[in-house]
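A look at the structure
Each chain, letter by letter, is given below.
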Amino acid sequence: MEEELRCFVCKEFYKEPVLLPCGHALCRVCAVGLQSHLPEADNASGTANDYQEADKASVSSETDSGVVCGSRPNSFAGTPAAAVYSSAAFSLLCPQCNKQVFLDDNGAEGLPPFRVMRTIVERFGGVVGAPPAEEACQMCEGERRAAVVRCEQCSVRYCAGCRDAWHPTRGPLAQHELRALGTTCSDHGSPPVLYCNTCLVPICQRCLGERHSAHETQQLSSAARAHKTELSQSLQQLSEQAKAMTEYIQLVKGSGDKINESCEELERQIDQACAEVTRAIDRRRDELVRAARNTRSQAIANMRSLTSHAAQKLREATALLHFSIEALKESDHAAFLQVGNILSARAQETAAGLCSSLDPPPSPPALTLDIEPVIRTVRTMNFVECIPPGAPEMAVEACAARGCSCTLAWRAPAAPAAVRGYVLELDDGLGGPFREVYCGRETVCTVDGLHYASLYSARVKAFNGAGEGPYSEVIGLQTSPVAWFAWDLRCAGAEDALCLSADGLSARAAGWQPRVVLADQPLARGVHYWRLRLDAHDGDADPAFGIARADVAKDKMLGSDALGWAMYIDSARSWFVHGGAHGGRAEGGVTRGSTVGVLLDLARGTLRFAVDDRPQGDIAFTGLRGAFYPAVSLNRGVAVTLEPGLQPPPELLMETLAIE
């Protein structure tokens, strides 16, 4: 935690810490040293409107993090082209996050004190500067300490020690009112009692009536309790990640003994092998011993580097963890609220990234010697790892295809060659060239996003430092012949013009303007048939059913542009629509309870429609190539339920063949 208690500039314990608007702390002296004066042109470029915006966005809490309770800060964090408001006279660049802070005429001297930091530094024996005169005890002799109470009758401030010594709560002084010092409103001087959830600031009763009457507010204690709960949850996640980091460091350290043992065993093997050959291989033996020792040195250097890197991350996370735990002990709710969100965000960010960038612990080198070829040919004597690995064996019993994804598993090649990783390759499902889909150490891989009704071929090979081995045997995997899909929930508009069910199968329109809904995945191969059941149908509605490209216009009837192919149908007749052109009129309509079927044959490139599983007109469209999304356009009075993954009606298939 000590890293959190030291100034980023002077590296000492914070002395009179102040809080920057970006959430970081500095010693007041260090902040003054970092500030720079703004030129007059920049100083005059701000406007009153900018000042008002900064006023609305201020985050303040004097007791929690040091920001004065009033809603008019004297600083603003950001990187605008000019000063934020007309009173900006100084600027300061935060040394930790590089955000620029603009200050008024008071400069860094006007930054609010970081009360939580000062309290924690004092608690852990750090040296802090004397408190400001208006916050100091009036009874201390010598170095003054911060006052904690003020007697309303005596008008005197006392620290904890002087209060017990000079103003006991007994005898004639028992009737005096000792008011705990903490946050006060900079505008009205009274303690805050509410928290404005709109402006994110503690406010007093007068502030509520003057500037926050229309805002959402809650009791200060309730707000502090909620923020402390959120921080506690974030710290729990950070604690779990820190524990995992500690285990990782122990694992890395433990691998050092194994590396030493393995390398020592390797040296013994080299000595034993070289003892059986002539003096001609003595020089080669020395080279192998040096190579083994270099392997050990490199592995140990890597281990130390990993340990150092992980230990540094752990120290930073532990420091933040301990500091945040101490912040949770802050009794002044307003003081805590200033820093609660900041600490919670930092804890979440640290927990998310703590273990994500770690490399796996170094493993002992899998090295051995093959003695027989060495005796015959001294010059070919080398480590076994210098031989590429053999072909892996596909675990056919563990391979499977489901929907538009497939899972492949394989076994490592036989010893003695070591394996550093595998490369898995798939073709395009049409017998085309193979392409790499996975490279790593695992022996199981799931590939998503494949085409339906396609036969994919797969193969895998292993590699190590010497190169790549041969491919395994090729196996075939058949994806599902029919597609199961749902409506894409992202098509539901924010204006509630289109409502989709949670399972993505039902859709209902609320406005007269047509709205297009697409499926959550495209279809590019095979024969697919799906139905849409009309749960509601108004005689004045204009539903259209069909297919579309991904970037079809979403606020027009399906088929109004060149990216949609549809059948428009009412209660008496239907038309085929594409590119805004109508054709293929057919008698017969739909009512509530009817079903509209769509048959997309991508093998022939045709699209047909059916009503209640009976053909509706001839083949609607031909020459369809590429990827298409099942689609529908709806307006007020129409609700449909999607029924995907169906077998086409025989009557529809036979008539299609007859037409061809």
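Going by the structure above, here's the rest.
Everything numeric here is computed off the predicted structure, so don't read it as measured data. (Residues numbered from 1 in each chain as written. Predicted model: local features only at pLDDT ≥ 70, side-chain atom pairs only at ≥ 80, totals over all residues. Heavy atoms only, no water.)

A few words on a nonpolar patch on the surface. A cluster of nonpolar side chains, namely F8, V9 and L34, defines an oily patch on the protein surface of about 220 Å² accessible area. Secondary-structure assignment places L34 in helix 1 (residues 28–34). Taking relative accessible area as the criterion, L34 reaches 34% and is therefore assigned partly exposed. (Patch = residues over 30% accessible without salt bridge, like charges linked within 9 Å, V, L, I, M, F, W, Y side chains within 5 Å. Areas by Shrake-Rupley, 256 points an atom, 1.4 Å probe, with all protein chains shown as cover. Salt bridge = Lys/Arg side-chain N within 4 Å of Asp/Glu carboxyl O. Helix = DSSP H or I, 4+ residues; strand = E, 2+ residues; numbered from the N terminus. Buried < 20%, exposed > 50% of the residue type's maximum accessible area, 1.4 Å probe, protein only.)

Our next topic: the packing of aromatic side chains. In the structure shown here, the tally under the stated rule is seven aromatic pairs. Ring geometry for W410 and Y438: centres 6.3 Å apart, planes at 55°, overall tilted. Taken as a pair, W410 in strand 15 (residues 405–411) and Y438 in strand 17 (residues 435–440) lie far apart in primary sequence, 28 residues in all. There is no split in this pair, since W410 and Y438 are both buried. (Phe/Tyr/Trp six-rings, centres within 6.5 Å; stacked < 30°, edge-to-face > 60°.)

Right, let's get into the environment of W565. Within the secondary structure layout, W565 lies in strand 27 (residues 564–569). The sequence separation of W565 and A631 amounts to 66 residues, and the corresponding C-alpha distance is 9.0 Å. A polar atom in the side chain of W565 sits 3.4 Å from the side chain of H578. (Polar contact = N/O pair within 3.5 Å; in protein donor to acceptor, adjacent residues only side chain to side chain.)

It is worth spelling out the pattern of salt bridges at this point. Tallied over the full model, the rule gives 19 salt bridges. As a salt-bridge pair, R346 and E4 come within 2.8 Å of each other at their nearest N and O atoms. One end of the pair, R346, is in helix 9 (residues 333–353); the other, E4, is in the segment before strand 1 (17–19), with 342 residues separating them in the sequence. What makes R346 partly exposed here is its relative accessible area of 28%. For D488, the salt bridge is made with R490, and the minimal N-O distance between the two is 2.8 Å.

Here strand 27 runs beside strand 28 (residues 573–578); their pairing, made up of five bridges, is antiparallel. Each bridged residue has a counterpart across the sheet, and for Y568 the counterpart in strand 28 is W575. Linking two consecutive strands that pair antiparallel, namely strand 27 and strand 28, is a turn of three residues. Sheet topology places strand 28 next to strand 29 (residues 581–587); five bridges connect them, and they run antiparallel. From the neighbouring strand, V577 faces strand 29, where its bridge partner is H582. As consecutive antiparallel partners, strand 28 and strand 29 are separated by two residues, and within that stretch G579 has a phi angle of approximately 60°, a positive value. (Pairing = 2+ DSSP bridges.)

Pairing within the open sheet is antiparallel, and its seven strands lie in the order 22-23-34-25-30-31-32. Sheet topology places strand 22 (498–500) and strand 32 (614–615) at the edges, where each strand pairs with a single neighbour. When strand 30 (residues 595–601) meets strand 31 (residues 606–611), the two strands line up antiparallel, connected through six bridges. Counterpart to L600 in the pairing with strand 31 is L607.

Counting 56 residues, the largest nonpolar core has M117, L238 and M245 as the members making the most contacts within it. At 12 residues, the largest contribution of residues to this core is made by helix 8 (residues 282–328). Both domains that meet at this core, namely domain 1 (1–38 + 86–129) and domain 3 (223–356), each give it at least three residues. Judged by nonpolar contacts, the second largest core, of 53 residues, contains Y452, A541, L558 and V611. (Core = buried A, V, L, I, M, F, W, Y, C linked by side-chain atoms within 4.5 Å. Domains from an automatic or database assignment.)

This part covers the side chain of T595. Locating T595 in the fold gives a position in strand 30. The exposure class assigned to T595 is buried, which follows from its relative accessible area of 13%. With residues up to four places along the chain from it excluded, the contact list for T595 reads R531, L532, R533, A610, V611, D612 and D613. (Contact = heavy atoms within 4.5 Å.)

Attention now goes to the sheet that holds strand 12 (residues 217–219). Across a sheet, paired strands are connected by hydrogen bonds in the backbone, their directions being either parallel or antiparallel. On the basis of which strands lie adjacent, the open sheet formed by three strands has the order 11-10-12 and antiparallel pairing. Where the open sheet ends on each side, the last strands, each with one partner, are strand 11 (201–203) and strand 12. Each neighbouring strand pair of the sheet contributes to a mean axis angle of 35°, computed without reference to strand direction. Pairing analysis gives three bridges linking strand 10 (residues 194–196) to strand 12, with the strands arranged antiparallel. Bridge pairing links C196 to T217 in strand 12. (Axes fitted to C-alpha atoms, helices over the stretch in contact; angles between N-to-C directions.)

The subject of this paragraph is helix 9. Between the first and last C-alpha of helix 9 there are 30 Å, a value that for 21 residues agrees with the 30 Å anticipated at 1.5 Å per step. Among the residues of helix 9, A334, A335, F336, L337, Q338, V339, G340, L343, S344, A347 and A351 are the ones counted as buried. Between the side-chain oxygen at the start of helix 9 and the backbone nitrogen of A334 there is a gap of 3.2 Å, and the oxygen is on D332. (Expected span 1.5 Å × (residues − 1).)

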